Amino acid sequence: MISQTKSYGKKPILREVNERMHAEMIVVTGANGNLGRKIVEELLGRVPAEEIGVSVRDVSKAQDLRERGVRVRQGNFDDSESLLHAFEQASQVLIVSSNALEEKEAVRQHQTAIDMAKKAGVGRVLYTSHMGSSAASHFPPMLTNAATEEILKSSGMAFTSLRCGFFATSALLMISDALKTGELIVPESGPIAWTTHSDLAAATAAILTEGKLGGITPPLTASEAIDMEGIASMASKILDQPIRHIVVSDEEYRTRLTSHGMPEAIINLLTGIFQASRQGDFSQIDPTLENLIGRPPISFQDFLKDSILQ
């Protein structure tokens with residue numbers, strides 16, 4: 001990482017001159033991840049590649065983007081100098097939230113990214129938050145999102161905090177064992193507005209390129225909220241075989257996860273989803289996403305069918 005940072009001045013002169021000619025640039029962090037890469041693909045359909053930059057930890061994994069004309073620079077939330085370089089000349093920076101499990105670490109990383117965006121003279125910072133963002137949530141990542149939104153508010157910068165719906169891919173992970181055993185053994189759950197990465201990416205690209213939605217956005221969700229019993233029922237019909245929904249206490253669920261060798265941080269994460277969903281933290285649905293993408297969001301049933309049968 002240090003060697004990459006120190007090699008900033010070694011780029012070809014022609015490329016340096018070319019980059020200086022493009023003052024308007026959108027930079028996306030985490031562009032090698034699932035959501036980040038989908039957002040970049042959506043942007044490539046809307047603006048010239050030379051107006052897009054990415055900040056990634058491993059530049060070799062973004063070589064295909066470089067070959068398509070995207071500016072690829074090494075950037076790491078734990079290396080402020082690399083972020084400052086990655087954000088150079090950006091008019092907007094999209095910070096895809098850190099995957100650090102520990103709240104203090106994730107907030108520190110987001111603080112660094114926001115500080116470097118301000119130092120780089122970025123006009124607007126966008127952040128992928130969550131519909132359940134709250135300092136009082138039972139779901140640990142929501143505390144990180146709430147703290148990051150407070151940093152954005154106090155930064156003095158123009159910002160947009162994207163209150164994303166709950167990733168539909170998370171539901172797949174939660175029912176993966178049930179698809180094999182025929183038993184979905186989980187705590188009582190509340191309805192969750194499961195939303196696909198592809199729809200959120202399309203909405204984010206619209207916000208970035210059309211200057212929409214400042215501040216904290218309405219929930220960017222699909223058009224229905226479904227609990228675990230509903231998911232079990234859907235999966236049963238798709239597979240044409242029964243999947244029993246068995247409700248256990250939070251304590252029993254934690255014990256089961258512990259017996260499977262699950263780390264404490266992951267157990268807290270999974271248990272927190274059910275506790276927060278029972279309070280209705282993820283049940284809101286809103287038309288904003290549909291309005292941004294110009295079509296109905298992908299239904300969870302269609303997403304589940306495609307995922308199970310692929």
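How each quantity is defined
Residues numbered from 1 in each chain as written. Predicted model: local features only at pLDDT ≥ 70, side-chain atom pairs only at ≥ 80, totals over all residues. Heavy atoms only, no water. Helix = DSSP H or I, 4+ residues; strand = E, 2+ residues; numbered from the N terminus. Rg over C-alpha atoms; globule rule 2.2 N^0.38 Å. Buried < 20%, exposed > 50% of the residue type's maximum accessible area, 1.4 Å probe, protein only. Contact = heavy atoms within 4.5 Å. Areas by Shrake-Rupley, 256 points an atom, 1.4 Å probe, with all protein chains shown as cover. Lys, Arg positive; Asp, Glu negative; His and termini not counted. Charge placed at Lys NZ, Arg CZ, Asp CG, Glu CD. Pairing = 2+ DSSP bridges. Axes fitted to C-alpha atoms, helices over the stretch in contact; angles between N-to-C directions. Expected span 1.5 Å × (residues − 1). Right-handed = clockwise from strand over helix to strand, strands pointing away. Core = buried A, V, L, I, M, F, W, Y, C linked by side-chain atoms within 4.5 Å. Salt bridge = Lys/Arg side-chain N within 4 Å of Asp/Glu carboxyl O. pLDDT = per-residue confidence, 0-100. Phe/Tyr/Trp six-rings, centres within 6.5 Å; stacked < 30°, edge-to-face > 60°.

1. Section: the overall build of the chain
Step number 1: A tally of regular secondary structure across the chain gives 14 helices and 11 strands.
Step number 2: Compactness check: the chain gives a C-alpha radius of gyration of 20 Å against a globular reference of 19 Å for 310 residues, within 12% of the reference.
Step number 3: Counting only C-alpha atoms, the chain reaches 65 × 40 × 35 Å along its principal axes.
Step number 4: Taking all 310 residues of the chain together, 50% fall into the buried category.
Step number 5: The contacts of the chain with a sequence gap of at least 6 include a subset with a gap of at least 24, amounting to 77%.
Step number 6: Within the structure as shown, the chain displays about 14,200 Å² of accessible surface, and the carbon and sulfur contribution to it stands at 51%.
Step number 7: Within the chain, one finds 30 positive and 38 negative side-chain charges whose respective centroids are separated by 6 Å.

2. Some details on unusual backbone geometry
Step number 1: In this structure, Leu213 takes a positive phi of about 55° despite not being glycine.
Step number 2: With respect to the element layout, Leu213 can be found in the loop between α9 (197-210) and β10 (215-216).
Step number 3: Although it is not a glycine, Asp240 sits at a positive phi angle of roughly 60°.
Step number 4: Looking at where Asp240 falls in the secondary structure, it is placed in the loop between α10 (228-239) and β11 (244-248).
Step number 5: Residue classification places Asp240 among the exposed residues on the basis of a relative accessible area of 71%.

3. Things to note about the sheet that holds strand β1 (residues 26-29)
Remark on secondary structure: sheet strands pair via backbone hydrogen bonds, oriented parallel or antiparallel.
Step number 1: Strand order in the open sheet formed by seven strands is β3-β2-β1-β4-β5-β6-β10, and the pairing between neighbours is parallel. Across the chains shown, the open sheet's two edge strands, defined by having one partner strand only, are β3 (71-74) and β10.
Step number 2: As judged from the two bridges shared by strand β6 (residues 158-164) and β10, these two strands associate in the parallel manner. The residue of β10 that forms the bridge with Thr160 is Gly215.
Step number 3: Here helix α7 (residues 140-154) sits on the sheet in contact with β5 (124-130), β6 and β10, set at roughly 160° to β5.

4. Notes on helix α8 (residues 168-181)
Along an α-helix, a turn takes 3.6 residues, which lines up residues three or four apart on a common side.
Step number 1: Compared with the 20 Å implied by 1.5 Å per residue over 14 residues, the 21 Å span of α8 between its first and last C-alpha is a close match.
Step number 2: Among the residues of α8, those classed as buried are Ala168, Ala171, Met174, Ile175 and Ala178.
Step number 3: Immediately beyond the C-terminal end of α8, within one or two residues, lies Gly182, with a positive phi of roughly 85°.

5. Concerning the pairing of β6
Step number 1: β6 sits mainly inside the fold: six of its seven residues count as buried.
Step number 2: Two strands pair when backbone bridges link them, and β5 and β6 are joined in this way by seven bridges, in the parallel orientation. The residue bridging Leu126 from the neighbouring strand is Thr160, located in β6.
Step number 3: Taking the sense of rotation as the criterion, the β-α-β connection linking β5, α7 and β6 turns out right-handed.

6. Observations regarding the nonpolar core
Across soluble globular proteins, nonpolar side chains have a tendency to be buried as a group.
Step number 1: Trp194, Met228 and Phe300 are the most contacted members of the largest nonpolar core, which has 37 residues in total.
Step number 2: Residue assignment for this core shows that the elements contributing at least two residues are α8, β8 (183-187), α10, α11 (250-259), α12 (264-278) and α14 (300-309).
Step number 3: When neighbours within four sequence positions are excluded, Trp194 is seen to be in contact with Phe166, Phe167, Ala168, Ser170, Ala171, Met174, Ala222, Glu224, Ile226, Met228, Ile231 and Phe300.
Step number 4: Grouped together as the second largest cluster of nonpolar side chains are 33 residues, Ala31, Ala49, Cys164 and Ile293 included.

7. So, the pattern of salt bridges
Step number 1: Taken as a whole and judged by the stated rule, the model has 12 salt bridges.
Step number 2: Ionic pairing is found between Asp199 and Arg295, a salt bridge with its closest N-O pair at 2.7 Å. With Asp199 in helix α9 and Arg295 in the loop between α13 (288-293) and α14, this residue pair connects regions lying 96 residues apart in the sequence.
Step number 3: Look at Asp199 and you get buried, because its relative accessible area is 0%.
Step number 4: Judged by relative accessible area, which is 34%, Arg295 ranks as partly exposed.
Step number 5: Between Asp250 and Arg278 there is a salt bridge whose closest N-O contact spans 2.7 Å.

8. Section: the side chain of Ser137
Step number 1: Counting through the fold element by element, Ser137 comes out in the loop between β5 and α7.
Step number 2: Excluding residues within four positions of it along the chain, Ser137 makes contact with Gly132, Met142, Leu143, Ala276 and Asp281.

9. A word on the confidence of the model for the chain
Step number 1: Looking at the chain as a whole, its pLDDT mean stands at 91, while 93% of the residues score no less than 70.
Step number 2: Predicted confidence is poor over residues 1-22, with pLDDT under 50, and the contacts of this stretch with residues over four places away or in other chains come to 25 contacts.

10. Quick look at the packing of aromatic side chains
Step number 1: Inspection of every chain in the model, using the stated rule, returns seven aromatic pairs.
Step number 2: Ring geometry for Phe139 and Phe282: centres 5.9 Å apart, planes at 80°, overall edge-to-face. Placement of the pair is Phe139 in the loop between β5 and α7 and Phe282 in the loop between α12 and α13, with a sequence separation of 143 residues. Here the two residues Phe139 and Phe282 agree in accessibility, since each one is buried.
Step number 3: Through a chain of ring-to-ring contacts, three or more aromatic side chains come together here, namely Phe139, Phe166, Trp194, Phe282, Phe300 and Phe303.

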